[in-house]
Structures are given as C-alpha cells and as structure tokens.
Amino acid sequence: MKKTLIIGASPDPTRYAYKAAHMLTRFNHEIVNVGIKKGEVAGVTIEQPGKIHHDVDTITLYIGPALQPQYHDYILETKPKRVIFNPGTENYELEKLLDQHGIEPLEACTLVMLSTGQY
C-alpha cells in the first residue's frame with residue numbers, strides 16, 4: 001500500500017480532500033492529513049505542515065497554485081515518489097521543480113485513480 005500525504009486536508013465532508021482521505025483508507029492506504037484546518041479526517045488528525053514524513057510514497061494536492069509555493073520546501077524534503085495534481089491544482093512551475101528533483105508530477109484525480117485501480 002502507498003502511504004499518502006494529503007495537502008489541503010479538511011474536515012468538511014463536501015471537500016474532495018475529505019472524500020479522498022476516506023477513499024484512501026477504505027483502500028487500505030495509510031494517510032497523513034496536512035492542512036490549515038483543525039480536526040481529523042478518516043480517523044487521522046490534521047497536522048500543520050512542518051513534520052517531515054520520510055516514508056511517504058505519494059503526495060496528493062488539494063490546494064490551488066497560489067497557495068502551493070509555501071509548501072515547495074516541505075514537499076521536496078518529504079521526497080515522495082510522486083505528487084498528484086488533482087483538478088484545479090495544476091502548476092507547471094511546481095511540476096518542473098519536482099521533475100528536477102526526481103519526483104514524478106502527475107496531473108490526475110486521486111478519486112478516479114483509486115476507483116479504476118490505477119493508484
């Protein structure tokens with residue numbers, strides 16, 4: 001299973017990050033919730049960006065390009081194998097930066113990937 005860090009985690013059930021957290025755990029993927037909201041999602045507390053998790057396979061983004069620069073160093077230090085840019089989070093500059101550091105940028109939808117067995 002792929003340990004997944006969700007950037008933009010939210011306790012709001014109408015948010016896609018919330019839906020992704022529940023779907024990831026339903027598919028037996030361990031998750032780390034990172035965001036500015038307080039609370040928990042899928043039984044996992046939402047933490048502020050800071051603690052580096054070195055055992056993360058995938059980061060899935062649920063924040064728009066305007067908020068992403070403050071996470072660049074955090075993402076690079078985490079050293080995931082890939083970063084999924086969910087619809088609305090696409091960012092050429094970050095994708096290029098990831099590529100330069102050997103991290104696969106992937107424009108996709110986590111929910112669709114899980115439902116179709118492509119995760």
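Residues numbered from 1 in each chain as written. Predicted model: local features only at pLDDT ≥ 70, side-chain atom pairs only at ≥ 80, totals over all residues. Heavy atoms only, no water.

Asks: Mind showing me how you'd approach the pattern of salt bridges here?
Replies: Working definition: two side chains of opposite charge can pair if their charged atoms are close together. Going through the model one piece at a time under the given rule, you end up with four salt bridges. In this structure, Lys3 and Glu30 form a salt bridge, with 3.6 Å as the shortest nitrogen-oxygen distance. A residue pair is termed long-range when its members are at least 10 positions apart, and Lys3 in the segment before strand 1 (4-7) and Glu30 in the loop between helix 1 (16-26) and strand 2 (31-34) qualify at 27 residues. The buried category is assigned to Lys3, whose relative accessible area is 13%. A relative accessible area of 49% places Glu30 in the partly exposed class. Across the pair Asp57 and Lys81 runs a salt bridge, and its minimum N-O distance is 3.5 Å. Placement of the pair is Asp57 in the loop between strand 4 (44-47) and strand 5 (58-61) and Lys81 in the loop between helix 2 (72-78) and strand 6 (82-85), with a sequence separation of 24 residues. (Salt bridge = Lys/Arg side-chain N within 4 Å of Asp/Glu carboxyl O. Helix = DSSP H or I, 4+ residues; strand = E, 2+ residues; numbered from the N terminus. Buried < 20%, exposed > 50% of the residue type's maximum accessible area, 1.4 Å probe, protein only.)

Asks: How should I be thinking about the layout of surface pockets in this particular structure?
Replies: In this approach, a probe sized like a water molecule rolls over the atoms, and the result shows the empty space that is left. Taken as a whole, the largest pocket holds about 400 Å³ of empty space. In this structure, the largest pocket is lined by 20 residues; those nearest its centre are Gly8, Arg15, Ala17, Tyr62 and Ile63. Of the residues that constitute the lining of the largest pocket, the class distribution is twelve nonpolar, six polar and two charged. (1 Å grid on protein atoms, 1.4 Å probe; cavity = no way out; pocket = protein on both sides within 12 Å on 5 of 7 lines; lining within 4 Å. Points joined across faces, edges and corners; volume = space filled by probe spheres on them. Nonpolar A, V, L, I, M, F, W, Y, C, P; charged D, E, K, R; others polar.)

Asks: Which parts of the structure should I look at to understand unusual backbone geometry?
Replies: In most cases, non-glycine residues show a negative phi, while peptide bonds are predominantly trans. A positive phi is found at Ala42, a non-glycine position, where the angle reads about 55°. By secondary structure assignment, the location of Ala42 is in the loop between strand 3 (40-41) and strand 4. We classify Ala42 as partly exposed; its relative accessible area is 24%. If you check the backbone angles, Lys79 has positive phi at about 55° while not being a glycine. Locating Lys79 in the fold gives a position in the loop between helix 2 and strand 6.

Asks: What should I look at first to understand the pairing of strand 2 in this one?
Replies: On any regular strand, side chains alternate: one points to one face of the sheet, the next to the other face. Judged by which residues are buried, strand 2 turns out to be covered on both faces: Ile31 and Asn33 on one side and Val32 and Val34 on the other are all buried. Across four bridges, strand 1 lies against strand 2 in parallel orientation. Paired with Thr4 across the bridge in strand 2 is Ile31. With respect to chirality, the unit in which strand 1 leads through helix 1 into the neighbouring parallel strand 2 is right-handed. Pairing of strand 2 with strand 4 involves two bridges; the strand directions are parallel. Considered in strand 4, the bridge of Val34 is made with Glu47. (Pairing = 2+ DSSP bridges. Right-handed = clockwise from strand over helix to strand, strands pointing away.)

Asks: Help me understand the pairing of strand 4, please; the structure alone is not making it clear to me.
Replies: Alignment of strand 3 against strand 4, held across two bridges, turns out to be antiparallel. Within the sheet, the bridge partner assigned to Val41 lies in strand 4 and is Val44. Taking the residues that link successive antiparallel strands as the turn, the strand 3-strand 4 hairpin has two residues, and the phi of Ala42 there is positive, at about 55°.

Asks: Explain the sheet that holds strand 5 here, please?
Replies: Neighbouring strands of a sheet are bound in pairs by backbone hydrogen bonds; such pairs are parallel or else antiparallel. Taken in spatial order, the seven strands line up as 3-4-2-1-5-6-7 in an open sheet, and their pairing is mixed. The open sheet has two edge strands, strand 3 and strand 7 (104-107), and neither has a second partner.

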